[in-house]
Amino acid sequence: MAVVAAGALVLAGCTSDSGDETTTPEETAADAGTDADADADTEDETADTDTETATDGGEDPEAAEGDTAKADLGDVTTNDDTVSISTGAEQYNSYNDTTSATNSTYNSVVNAQVISSFWYWGTDGTIYPDENYGTYEMVSEDPLTIEYTISDEAVWSDGTDITSNDYLLTWASTNPASMFGEGEDNSGEFDPVSNWSVYAPDVLDTEVGSKTFTVTYPEAYPDWEIAVGGALPSHVAAEQAGLSPDELAQAILDGDAETVNQVAEFWNTGWNFPNYQIEDEALVPSSGPYTLQGASWQTGSSLALVPNETYWGTPPATGTLEFVFAAPDTHVQALINGDINVIEPQATVDTISQLEGAGDAVTYDTADSMTWEHLDFNFAESSAFADENGGLAAREAFAHCVPRQQIVDSLIAPLNPDAVVMNAREKFPFQEEEYNELVSESYDGRYDEVDLDAAREKFAESGLEEGVTIRLGYSAPNPRRTDEVAAIKASCDQVGFTIEDSGSAEFFQDGGALDSGDYEVALFAWAGSGQIASGANIYQTNTGSSGLQNYGGFSSETVDEAWDTLSSSVDPEVHMEQLKVIEKALWDELYGIPIFAHPSVVGYDASLENVRNTAVQTGVSWNAEQWVRAN
C-alpha cells in the first residue's frame, strides 16, 4: 500500500468477485483505492462489522474475541509447506500498483506481501501501526505535521537500506502539480492513480538517505494516517534512469524537475510484467515477508512467492505462498479437491450450499464487506446519457427501470437476510446510525421501486430514439453480474432502451472498455476500507489533481466544492454535513446508481490456522504471512 492509498479505491470488479471487487485505493490503494474503494471511517470511526465465524476450524487462537488486529503468534519458524490462494483468473502484472493502469486488487494482494508499510487495516477498517517497520506521530495540529521514523533494521532484500529516498520518490511520482507545475507547460510524465499534492504539496522535510522524514499538510487532512504507507525502491528506479540513488533524492529535494522526470518512464512501466514473467529479479527487491526474487511464475497458472531471507520482522509461517490464477466459477470445486487452499468465491446460494456440503475438510466464514455494487453512467459525447444527448432525463429513465430490489431479493438476500438496496455511497447499511442519517437527508426514495410509467415518460422527454442501444459493460465471466444485466434488460427494454450485455474479460484492462469509455453504463464495485476523503477521486471533476477514478467523466460544481470542504477538515460533523450535500447531488444529477453492499465469503482448508475474513479491500490475504497448517 503506497502513499496514494488514501486517494484511490481498488476496482473490486477486478478480482474473483468475492467482494467482488476495491480501491488502490481507494476506494487501494491504493480505492488506493481504491475505494479500491466509497467509504468513510478512520481509526476512530470504524465499521461495525458483524462477522459470523465457522465453528469447525480456522479460528485464530491468539486473537482475543473482538480483536481485529493481526495476532501475536510469538516465535515463528518458516516451514517447507505451500499454501495457495486464488483471487481470480486475472494475472498479477505489476510490482507498482499505484499507476492509473495497474491499480487493482489482483496486483495489490501480491504486493502487500512484498512491500511493507507503516500501518495496516484490521478486519473492520481499524488502522493499526506496524512498529516493526517504523513509527509515526503527529507533532503539530496546525499545520498538521507528521514525523515518520523508519526502523534502523529495515532493508530491501538486496541489502539496501529503506530510507526517506524511497518516500521522496513516492512523493514526486504522485505530485505532478507540485513537482512539475500546472497547465500545458507541465513536463511531468508520471502516471499515478491518485495525486497526493492536493493534500501535501510541499516536498518532504528530510535529508538524503535519512531514516526519518516529515510530512506537512497546509490544511487539515482527514485521511492523514493512511496517506503514507509503503514505498517502492528508489535506488532501482534511479539506476534504471542512469542516476545514483542520492542524485535522484537530492533532485527531488531541490525541485529539479528535469532530472526527476528521467525516472518517470521506468516508474510508469518498468515494474510491469507484460509477458507475465519477471525478466530481471534485481528490479523487484522486497521489504516484506515474501519476495518475488526466486518466485516461481507459471504463466497463466500461478505465482508462488518465497520467503524474504533478509526480512527483519516476524518470518512467514509457511514457506511458499502461491497465488493461483483461476476463474471464480472453479474456486469452490478446486478448494474441495485440494487444488486451492483459500478462496474468496462470489457469495451466492450455490456457493454456500457447496461449501456446507463439502464436509469436515473445508470450512468457511461469512461477513459484511466494505465493497459495493454500482452502475455508473458514461458522460462522454458518444454516450446516450451525455448531456448533449439524452442527458438527465435519459439517466432518470434508466434509474426508474433498474430493478434494484429484485436484484437484492434474488441474488443477495438469500445470503444475507438483512440485505437492503443501498442508497448511499459513502456509508454502508451495516453502519446503521450514520447510514440512516445520511440517506434520510440526501435521497427521497424515488428509485427504490421500478416505475415503468415514469421511466417511459422520462425516456420520451430525453429525445432518444426508440430502441437505442445501451452497452452495459462489466468484467466477465461473472455469473452474478450476468444475472444482474439480464434483470435490467428485462425491465428497461420495456421503456425504449435496448440493453446489450457487454461483459468482457478485458473490461478492466489497459485499453479495455472502462479505460476507453466504450460503454454507456459500467457495472462494477469499489472495494474500500473506510477512508474519509477517498471518494473525491471518484466523483470530482477530472483534473490534474482530482477525479482520477472518475471514469465516466461526471462533473458537478456542487460535488466538487463539497469534497474540497470535506477533504480539508478533520471534524466528523463537517464530514457528515458535506456527505449529505454530495450524496444529494449525486442522486439529483445521477452520477450513477448504487445497488447493494457485497456479502463476503471465505472458504479454506480446515487444517489451516489464522485464516481470517475481513471487511476491507485487502481481502482475506491481508494476513497471509500468518497462515499455517496445524501440526
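The structure under discussion appears in the preceding block.
Undergrad: Please provide a residue-by-residue account of the overall build of the protein, values included.
TA: Counting secondary structure elements, the protein contains 18 helices and 19 strands. For the protein, buried positions account for 63% of its 631 residues. Surface accessibility of the protein: about 22100 Å² in total, with carbon and sulfur atoms responsible for 42%.

Undergrad: I'd like a rundown of the state of the cysteines, residues and numbers included.
TA: Summed over all chains, the structure comprises one disulfide. Shown here is the disulfide that connects Cys401 with Cys492, its sulfur atoms set 2.0 Å apart. Classification of the bridge connecting Cys401 and Cys492 rests on its S-S torsion, roughly 100°, and on that basis the disulfide is right-handed. Taken together, the residues Cys401 in helix 10 (residues 391-401) and Cys492 in helix 14 (residues 479-492) connect sequence positions 91 residues apart. Judged on exposure class, the residue Cys401 and its partner Cys492 are both buried.

Undergrad: So what's going on with the pattern of salt bridges? Residues and values would help.
TA: Opposite charge on two side chains allows them to pair when their charged atoms are near. Within the structure shown, the criterion is met by 19 salt bridges. For Asp448, the salt bridge identified is with Arg404, shortest N-O distance 3.4 Å. With Asp448 in the loop between helix 12 (432-440) and helix 13 (452-462) and Arg404 in helix 11 (residues 404-412), the pair connects residues that are 44 residues apart, well separated along the chain. Where Glu461 meets Lys458, a salt bridge forms, and the shortest distance between an N and an O atom there is 3.6 Å. Of the two residues, Glu461 and Lys458 both sit in helix 13, three residues apart, roughly one turn of that helix. Judged by relative accessible area, which is 53%, Glu461 ranks as exposed. A single network of salt bridges, built from pairs that share partners, joins Asp444, Arg446, Lys584 and Asp588.

Undergrad: Break down helix 10 for me, with residues and values.
TA: Most of helix 10 sits out of view: ten of its eleven residues are buried. Within helix 10, the full set of buried residues consists of Gly391, Ala393, Ala394, Arg395, Glu396, Ala397, Phe398, Ala399, His400 and Cys401.

Undergrad: Would you mind going over helix 17 (residues 557-567) in detail, with residue names and values included?
TA: Of the positions making up helix 17, those classed as buried are Val559, Asp560, Ala562, Trp563, Leu566 and Ser567. Of the surrounding elements, those touching the buried residues of helix 17 are helix 16 (536-539) and helix 18 (572-588).

Undergrad: Please set out a negative patch on the surface residue by residue, giving values where relevant.
TA: On the surface, Glu137, Glu147, Asp205 and Glu207 cluster together into a negatively charged patch. Considering the arrangement of structural elements, one finds Glu137 in strand 6 (residues 134-141). A relative accessible area of 46% places Glu137 in the partly exposed class.

Undergrad: Describe the sheet that holds strand 7 (residues 144-150), naming the residues involved and giving the relevant values.
TA: The sheet built from three strands is open, its strands ordered 6-7-8 with antiparallel pairing. Either end of the sheet is taken by a strand with one partner, and the two such strands are strand 6 and strand 8 (212-217). The mean angle between the axes of side-by-side strands here comes to 20°, regardless of whether they run parallel or antiparallel.

Undergrad: Outline the packing of helix 2 (residues 164-173) against helix 5 (residues 245-254), listing residues and values.
TA: Packing of helix 2 against helix 5 leaves a shortest axis separation of 9 Å and a crossing angle of 50°. With respect to helix 5, the element helix 2 is oriented oblique. As for how helix 2 packs across helix 5, the hand of that crossing is left-handed. Between helix 2 and helix 5, the contacting residues are Asn165, Leu168, Leu169, Trp171 and Ala172 on the first element and Pro245, Asp246, Leu248, Ala249, Ile252 and Leu253 on the second. Taken together, the residues of the contact of helix 2 with helix 5 break down into nine nonpolar, one polar and one charged.

Undergrad: How would you sum up the packing of aromatic side chains? Please name residues and give values.
TA: Tallied over the full model, the rule gives 39 aromatic pairs. Ring centres of Tyr167 and Phe213 lie 4.8 Å apart, and the angle between their planes is 25°; on these two criteria the pair is classed as stacked. Placement of the pair is Tyr167 in helix 2 and Phe213 in strand 8, with a sequence separation of 46 residues. Across the pair, Phe213 and Tyr167 agree in class, each one buried. A ring pair is formed by Tyr539 and Tyr591, whose centres lie 4.8 Å apart and whose planes are at 75°; its orientation type is edge-to-face. One end of the pair, Tyr539, is in helix 16; the other, Tyr591, is in the loop between helix 18 and strand 17 (592-605), with 52 residues separating them in the sequence. Take Tyr539 and Tyr591: they sit in the same class, and that class is buried. Among the aromatic residues, ring-to-ring pairing joins Phe118, Tyr133, Tyr136, Tyr148, Tyr167, Phe213, Trp224, Tyr311 and Trp312 into one connected group.

Undergrad: An account of the environment of Glu577 is requested, with residue identities and associated values reported.
TA: Topologically, Glu577 is positioned in helix 18. Looking at Glu577, the relative accessible area reads 48%, which means it is partly exposed. Each C-alpha atom of the pair Glu577 and Ala562 lies 9.1 Å from the other, and the pair is 15 residues apart in sequence.

Undergrad: Describe the environment of Asp166, and please don't skip the residues or the numbers.
TA: Within the secondary structure layout, Asp166 lies in helix 2. Overall, Asp166 belongs to the buried group, its relative accessible area being 2%. Sequence separation between Asp166 and Val208 is 42 residues, and the spatial gap between their C-alpha atoms is 10.0 Å. Residues in contact with Asp166, not counting those within four places in the same chain, are Trp156, Asp161, Ala231, Leu232, Pro233, Ser234 and His235. Of note is the side chain of Asp166, whose polar atom sits 3.2 Å from the side chain of Trp156.

Undergrad: If you had to explain the nonpolar core to someone new, which residues and values would you point to?
TA: Generally speaking, soluble globular proteins have nonpolar side chains that are buried together. Judged by nonpolar contacts, the single largest core of 160 residues is most densely connected at Tyr95, Tyr217, Phe398 and Phe497. Setting aside residues no more than four positions away along its own chain, Tyr95 makes contact with Asn111, Val114, Ile115, Trp156, Leu232, Pro233, Trp271, Phe273, Leu283, Val284, Pro285 and Leu292. Among the nonpolar cores identified, the runner-up in size contains 13 residues, and Leu335, Ile340, Tyr364 and Val601 belong to it.

Cut-offs used in this document
- Residues numbered from 1 in each chain as written.
- Predicted model: local features only at pLDDT ≥ 70, side-chain atom pairs only at ≥ 80, totals over all residues.
- Heavy atoms only, no water.
- Helix = DSSP H or I, 4+ residues; strand = E, 2+ residues; numbered from the N terminus.
- Buried < 20%, exposed > 50% of the residue type's maximum accessible area, 1.4 Å probe, protein only.
- Areas by Shrake-Rupley, 256 points an atom, 1.4 Å probe, with all protein chains shown as cover.
- Disulfide = S-S within 2.5 Å.
- Salt bridge = Lys/Arg side-chain N within 4 Å of Asp/Glu carboxyl O.
- Contact = heavy atoms within 4.5 Å.
- Patch = residues over 30% accessible without salt bridge, like charges linked within 9 Å, V, L, I, M, F, W, Y side chains within 5 Å.
- Lys, Arg positive; Asp, Glu negative; His and termini not counted.
- Charge placed at Lys NZ, Arg CZ, Asp CG, Glu CD.
- Pairing = 2+ DSSP bridges.
- Axes fitted to C-alpha atoms, helices over the stretch in contact; angles between N-to-C directions.
- Parallel < 35°, antiparallel > 145°, perpendicular 65-115°, else oblique.
- Left-handed = near helix turned anticlockwise from the far one by under 90°.
- Nonpolar A, V, L, I, M, F, W, Y, C, P; charged D, E, K, R; others polar.
- Phe/Tyr/Trp six-rings, centres within 6.5 Å; stacked < 30°, edge-to-face > 60°.
- Polar contact = N/O pair within 3.5 Å; in protein donor to acceptor, adjacent residues only side chain to side chain.
- Core = buried A, V, L, I, M, F, W, Y, C linked by side-chain atoms within 4.5 Å.

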